[in-house]
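Listed here are the chains, written in short residue letters.
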Amino acid sequence: MLQEPATLLDFAARAYPGILQQDLLRYVIGAGGTFLVINVLLRRYLSGRKIRSERPGGKQMAWEILASLRTVLIFSLVGFGIALAAQHGLLNIYRDPAERGWAYFAFNVAVLIVAHDAWFYWTHRLLHRPRYYRWFHRLHHRSNNPTPWTSYSFNVGEAVVNAIYLPIALMVMPSSILAAFIFTAHMMLRNAIGHCGYEVFPARADGRPLFDWLTTVTHHDLHHARAGTNFGLYFTFWDRMMGTEDQDYHVRFADAVGRKRTGQVAAGIQEA
């Protein structure tokens, strides 16, 4: 356990600025870095893998960033709550990643990611129900044609739903600080890539995804285009198990990577 602070305010003054900075940098580096590399530097190289022909405008990206800064604030407040709970021994978070052995460390990271995918799938489906959609999820879907900046563009309620996964997971599973860091870095990167608008995942010769158990950019882009399918974040198995994967997904993916082109796919996405 960390050293007991003299007062809550003293602990907040020492801990919170660093937590806020870390959450802000995660978004700026993750979303901004993805946008810079994929949407700017590699734009011409990846032009044949652009999922939709139209490009989001600067106005959309501006309000996405503003909404995301609010999400960063909410995430940092929950992060401070995690730090405070760990300070008082309510969460088992430890510094040395090898404390329980490297096999446990790898297992720890894997469980955090797999469990988060389940959390995201089921809460995401819940937020699409009419009674919750307007207040929790509508803002995110204002980005019908998303960008990496969309990754944190949430209503307040949705930001809270996404943020509380980690403290719940840490109540159940002892975790190292490094494992938690890898989990959050992976979450940010996959989220930003999933909204980039270019299909960067590899394909087989027949046009299917090489790693068909992973969600691709096309998989999530279809969710923004049609909203009622493809709820998974990292993996496709929940959508397939529950019958919520878009029936045209593999055709759209093949078109995005330049295989088995139908000539009607891009128009179909725009019309959806």
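Residues numbered from 1 in each chain as written. Predicted model: local features only at pLDDT ≥ 70, side-chain atom pairs only at ≥ 80, totals over all residues. Heavy atoms only, no water.

Colleague: Just to check I follow, could you spell out the overall build of the protein chain for this structure?
Modeller: For the protein chain, the count of helices and strands is twelve helices and two strands. The C-alpha atoms of the protein chain give 20 Å as radius of gyration, which agrees with the globular expectation for 272 residues (19 Å, within 12%). Projecting the C-alpha coordinates of the protein chain onto the three principal axes gives extents of approximately 65 × 40 × 40 Å. Taking all contacts inside the protein chain whose residues are at least 6 apart in sequence as the whole, residues at least 24 apart take part in 74%. Total accessible area computed for the protein chain in this model is approximately 13,400 Å², and 65% of it derives from carbon and sulfur atoms. (Helix = DSSP H or I, 4+ residues; strand = E, 2+ residues; numbered from the N terminus. Rg over C-alpha atoms; globule rule 2.2 N^0.38 Å. Contact = heavy atoms within 4.5 Å. Areas by Shrake-Rupley, 256 points an atom, 1.4 Å probe, with all protein chains shown as cover.)

Colleague: Please clarify how a positive patch on the surface should be interpreted in this entry.
Modeller: Taken together, the side chains of K59, R134, R138 and R142 define a basic patch exposed on the protein surface. Overall, K59 belongs to the exposed group, its relative accessible area being 72%. (Patch = residues over 30% accessible without salt bridge, like charges linked within 9 Å, V, L, I, M, F, W, Y side chains within 5 Å. Salt bridge = Lys/Arg side-chain N within 4 Å of Asp/Glu carboxyl O. Lys, Arg positive; Asp, Glu negative; His and termini not counted. Charge placed at Lys NZ, Arg CZ, Asp CG, Glu CD. Buried < 20%, exposed > 50% of the residue type's maximum accessible area, 1.4 Å probe, protein only.)

Colleague: Explain the nonpolar core to me, please; I cannot follow it from the model alone.
Modeller: Burial of nonpolar side chains together is a common tendency in soluble globular proteins. Membership of the largest hydrophobic core comes to 46 residues, with the highest contact counts inside it found for Y27, Y152, F183 and Y234. For this core, the secondary-structure elements that each account for two or more residues are helix 1 (8–41), helix 2 (58–87), helix 3 (102–127), helix 6 (156–163), helix 7 (165–172), helix 8 (177–194), helix 9 (217–226) and helix 11 (249–256). Not counting residues up to four positions away in its chain, the partners in contact with Y27 are G32, E64, I65, S68, V72, W149, S151, Y152 and M188. With five residues, the next largest nonpolar core counts F11, Y16, I19 and F80 among its residues. (Core = buried A, V, L, I, M, F, W, Y, C linked by side-chain atoms within 4.5 Å.)

Colleague: Hey, could you run me through the pattern of salt bridges in this one?
Modeller: When the charged atoms of two side chains with opposite charge come close together, those side chains can pair. Considering all chains together, one arrives at ten salt bridges under this definition. Of the charged contacts, one joins D212 and R208 as a salt bridge, the two residues approaching to 3.1 Å between their closest N and O atoms. Given the relative accessible area of 32%, R208 is considered partly exposed. Here R252 makes a salt bridge to D248, at a shortest N to O gap of 3.9 Å. For D248, a relative accessible area of 25% corresponds to the partly exposed category. Through salt bridges with shared partners, one network takes in R208, D212, R240 and E245.

Colleague: Just to check I follow, could you spell out the packing of helix 3 against helix 7 for this structure?
Modeller: Each packed pair of helices is defined by two parameters, the angle between the axes and the distance between the axes. Put simply, helix 3 and helix 7 touch, their axes get as near as 11 Å, and they point 130° apart. In terms of axis orientation, helix 3 runs oblique to helix 7. Taken as a pair, helix 3 and helix 7 cross one another with a handedness that is right-handed. On helix 7, the residues touching V111, L112, A115, H116 and W119 of helix 3 are Y165, I168 and A169. Of the residues contributing to the contact of helix 3 with helix 7, the split by class is seven nonpolar, one polar and no charged. (Axes fitted to C-alpha atoms, helices over the stretch in contact; angles between N-to-C directions. Parallel < 35°, antiparallel > 145°, perpendicular 65-115°, else oblique. Left-handed = near helix turned anticlockwise from the far one by under 90°. Nonpolar A, V, L, I, M, F, W, Y, C, P; charged D, E, K, R; others polar.)

Colleague: What should I look at first to understand the confidence of the model for the protein chain in this one?
Modeller: Predicted coordinates in regions of low pLDDT should not be interpreted in detail. Counting all residues, the mean pLDDT for the protein chain is 93, and 93% of those residues have values of 70 or more. Note that residues 261–272 has pLDDT below 50 and, in this model, 19 contacts with residues that lie over four places away or in other chains. (pLDDT = per-residue confidence, 0-100.)

Colleague: I tried to follow helix 7 on my own but got confused; where do I start?
Modeller: Of all the residues in helix 7, the buried ones are Y165, L166, P167, A169 and L170. If you follow the buried residues of helix 7, they end up packed against helix 2, strand 1 (93–94), helix 3, helix 6, strand 2 (175–176) and helix 8.

Colleague: I keep staring at the packing of aromatic side chains and nothing clicks. Help me out?
Modeller: We describe a pair of aromatic rings using the distance from one ring centre to the other and the angle between the two ring planes. In total, this model carries 22 aromatic pairs according to the counting rule given. With 5.0 Å between their ring centres and 70° between their planes, F75 and Y152 make a pair best called edge-to-face. Taken together, the residues F75 in helix 2 and Y152 in the loop between helix 5 (138–141) and helix 6 connect sequence positions 77 residues apart. The pair formed by F75 and Y152 is uniform in burial state, with each residue classed as buried. Centroid distance Y121 to W122: 5.0 Å. Interplanar angle 85°. Geometry classified as edge-to-face. Since its relative accessible area comes to 0%, Y121 is described here as buried. What makes W122 partly exposed here is its relative accessible area of 37%. (Phe/Tyr/Trp six-rings, centres within 6.5 Å; stacked < 30°, edge-to-face > 60°.)

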